[in-house]
Amino acid sequence: MKILGIETSCDETSAAVLCDGKVLSNIVSSQLCHTDFGGVVPELASREHERLIVSIAEAAITEANITKNELDVIAATAGPGLIGAVMVGLCFAEGLAWALSKPFVPVNHVEAHIFSPFISDEPGHVGPEGDFVSLTVSGGHTLLSIVHQDLGYEVIGRTIDDAAGEAFDKTGKMLGLGYPAGPVIDRLARQGDPEFYRFPRAMTSSSQTSKSYRNNFDFSFSGLKTSVLTWLGRHDKEHIERHMADIAASIQQAIVSVLVEKTVAAALLHKVKTISIAGGVSANSGLRSAMQEACIRNGLELFVPKATYSTDNAAMIATMAELMISRGRFTENSYGIAPFARFIPARRGAH
Ligand code: KG4
Ligand code: ZN
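Residues numbered from 1 in each chain as written. Chains lettered and ligands numbered in written order. Predicted model: local features only at pLDDT ≥ 70, side-chain atom pairs only at ≥ 80, totals over all residues. Heavy atoms only, no water.

### Notes on the coordination of the zinc ion (ligand 2)
Here is the rule we go by: Donor atoms are limited to N, O and S found within 2.8 Å of the metal ion, a distance that becomes 3.2 Å for Na, K and Ca. With water left out, some sites might look partial. Any site counts as irregular unless it has four donors with all angles between 85 and 135 degrees, making it tetrahedral, or four or six donors with opposite ones more than 155 degrees apart and the rest between 65 and 115, making it square planar or octahedral. Here a helix means four or more residues in a row that DSSP labels H or I, a strand means two or more in a row labelled E, and each is numbered from the N terminus. Partly exposed residues are those whose accessible area sits between 20% and 50% of the maximum for their type, while under 20% is buried and over 50% is exposed, using a 1.4 Å probe and protein chains only.
The protein atoms that coordinate the zinc ion (ligand 2) are His109 (NE2), His113 (NE2) and Asp312 (OD), at distances spanning 2.0 to 2.1 Å. Geometry at the zinc ion (ligand 2) is irregular, judged from its four donor atoms and the angles of 94 to 141 degrees they form at the metal. The sequence pattern describing where the donors of the zinc ion (ligand 2) fall on their chain is H-x3-H-x198-D. With His113 in helix H3 (residues 109–114) and Asp312 in the loop between helix H10 (307–310) and helix H11 (315–326), the pair connects residues that are 199 residues apart, well separated along the chain. Owing to a relative accessible area of 14%, Asp312 belongs among the buried residues under this scheme.

### Notes on the pairing of strand E6 (residues 132–137)
Every regular strand shows the same layout, with side chains that alternate between the two sheet faces. Here is the rule we go by: Between any two strands, at least two bridges found by DSSP are needed for them to pair.
Of all the six residues making up E6, six are buried; the element is thus mostly covered by neighbouring parts of the structure. Burial of the side chains of E6 extends over both faces: Phe132, Ser134 and Thr136 are buried on one face and Val133, Leu135 and Val137 on the other. Across six bridges, the pairing between E6 and strand E7 (residues 142–147) is antiparallel. Across the sheet, residue Val137 finds its bridge partner in E7, namely Thr142. Connecting E6 to the next strand, E7, in antiparallel fashion are four residues. Where E6 and strand E9 (residues 274–278) come together, four bridges link them in parallel fashion. Each residue of the ladder has a partner; that of Ser134, found in E9, is Ser276.

### Here we look at unusual backbone geometry
Residues Gly79 and Pro80 are joined by a peptide bond in cis, for which omega reads -5 degrees. Locating Pro80 in the fold gives a position in the loop between strand E4 (73–79) and helix H2 (83–100). The step from Tyr179 to Pro180 runs through a cis peptide bond, and the omega angle for that step is -10 degrees. Along the chain, the position of Pro180 falls in the loop between helix H4 (164–174) and helix H5 (182–189). The residue Asn65 is not glycine, and still its phi comes out positive at about 65 degrees. Examined against the element boundaries, Asn65 turns out to sit in the loop between helix H1 (42–63) and E4. In this structure, Leu151 is a non-glycine residue whose phi angle is positive, near 80 degrees. With respect to the helices, strands and loops of the structure, Leu151 is situated in the loop between E7 and strand E8 (153–158).

### Topic: the site of ligand 1
Our working rule: For this description, a residue counts as near a given molecule or strand if any of its non-hydrogen atoms is within 4 Å of it. Here a polar contact is recorded for every N or O atom pair within 3.5 Å, except that within protein the pair must consist of a potential hydrogen donor and a potential acceptor, and residues adjacent in sequence are included only if both atoms are side-chain atoms. Calculation of accessible area relied on Shrake-Rupley with a 1.4 Å probe; when residues are assessed, cover is drawn exclusively from the protein chains displayed.
Within the structure, ligand 1 sits among 19 residues, and Gly139, Asp169, Asp186, Asn284 and Asp312 are positioned closest to it. Between an oxygen atom of ligand 1 and a main-chain N or O atom of Gly140, the distance comes to 3.4 Å. Between an oxygen atom of ligand 1 and a main-chain N or O atom of Gly182, the distance comes to 3.3 Å. Considering ligand 1 on its own, with 550 Å² of exposed area, one finds that the protein chains cover 89% of that surface.

### A word on H5
Each α-helix turn comprises 3.6 residues. Residues three or four places apart therefore point the same way. Applied cut-off: To be clear, the arc concerns the directions from the helix axis to the C-beta atoms. In this analysis, two residues are considered to be in contact whenever any of their non-hydrogen atoms come within 4.5 Å of each other.
Buried within H5 are the following residues: Gly182, Ile185, Asp186 and Ala189. Here the buried residues of H5 occupy an arc of 105 degrees about the axis, which is enough to place them on one side. The secondary structure elements touched by the buried residues of H5 are H4, helix H8 (244–269) and helix H9 (285–297).

Distances and angles like these do not, on their own, reveal function.
Next comes the structure, spelled out in C-alpha cells:
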C-alpha cells in the first residue's frame, strides 16, 4: 500500500510517500519568512503553503520513484493547527484523492506526533506493542498520555499555560536568540553550566508551593518565563552575554527536569514499562539524554523518533494513516472533513 502524506499545520510544508510502512520520501520545507516576526504569522504561513504545496508533493512522489497514479491512499493533517494553513494541505490532498478516485484519510496532527517514534525506514513495521506513556512536547502541545496498541489513548496531563516548546521559544526570545529558539538553546546549553541558576520547576515535588504535586501530571511553564525576565532585569548586558550558555543550560535544565520527573512518575504509577517522547521538543539533546538515564535507572524502555521525525513532517502523517487503516480505525472515505484549529482531548476519567 502506497500512501501520500501531506502536512501543513504550521510553518512546515511537507509531503511524504510511505510504501508498506516504509518511508520512501519525506520532503520538508521550513518557512523562513517568519524569522523577523519572532513567531509564525498565520496569513504568511497559508500563502507560503499554497505557493509550495504542489512542488513539494511532486518532489516527494518523484523521490519515491513512483507516479501519482500508483498511490493507493492520500492522507493529510486535518488539525489541530493554524486553520488557514491546515486548509491548504487538506484541500490539496482531498482534491488530489478525488481526482485520482482514491480514499482520503484525515489525520490528527497530535496523534501523528504520538506515534512518530514508530515511523520506520524498514518495510512491514507494525507499530507499538503494548501500552506506553507518551510525552508529546511541541510548540503548541504538552501532553502526557497512556497509549494503547489499538491507537486509543487517555490524556493524564497537559500544560495549564505555555507548551514546552513555547517555554523554549519565549525565554529564548528574551535572550535575543531568534525564532524558533528551542534548537539554539539546545546548542548553547551544551557549553553551559545547568546549575548556574536554579529557575523554578512548577508543579513538581520540589516546587516552592505548599501543595503536593505527587500524582499530578499537569505542567506549567509561565512562571519560568517570569523568572527568566526577572533574572535578566537584575543583571547587566555584559554579565548576561558572558553567561549566555549558562543561562541557556539552566533554562533547559528547568524544563527538562519537569518533563522527565512527571513522565517517569506516570509510567511507574500506571505500571507501564515503555515511555516514548515525541514532538519538536523531543529533538532536544538534553531531554533525550536525561530521559534515557531516568529510564535506565527505573528499568523502563524508551522510544524516541529520529530527529527528522521529531519536528513537523509528513512521514508521521502517512504513518498514522497506515496505522489507522491497519488497526481498523479507518474504513471509509472521509471527504468533506471539517478542519479544526484546537485539540482538546478528553481527560482520563472525564465524561
Ligand atoms: O512539533 P513542532 O515542529 O511543531 C509544532 O507542532 O508545534 O515543534 C516545534 C517546537 C518549537 O517550539 C521549537 O522551538 C521546538 O519544537 N524545538 C526544540 C528543539 N527543536 C525544536 N526545542 C528544544 N530543543 C530542540 N532541539
Ligand atoms: Zn507538530
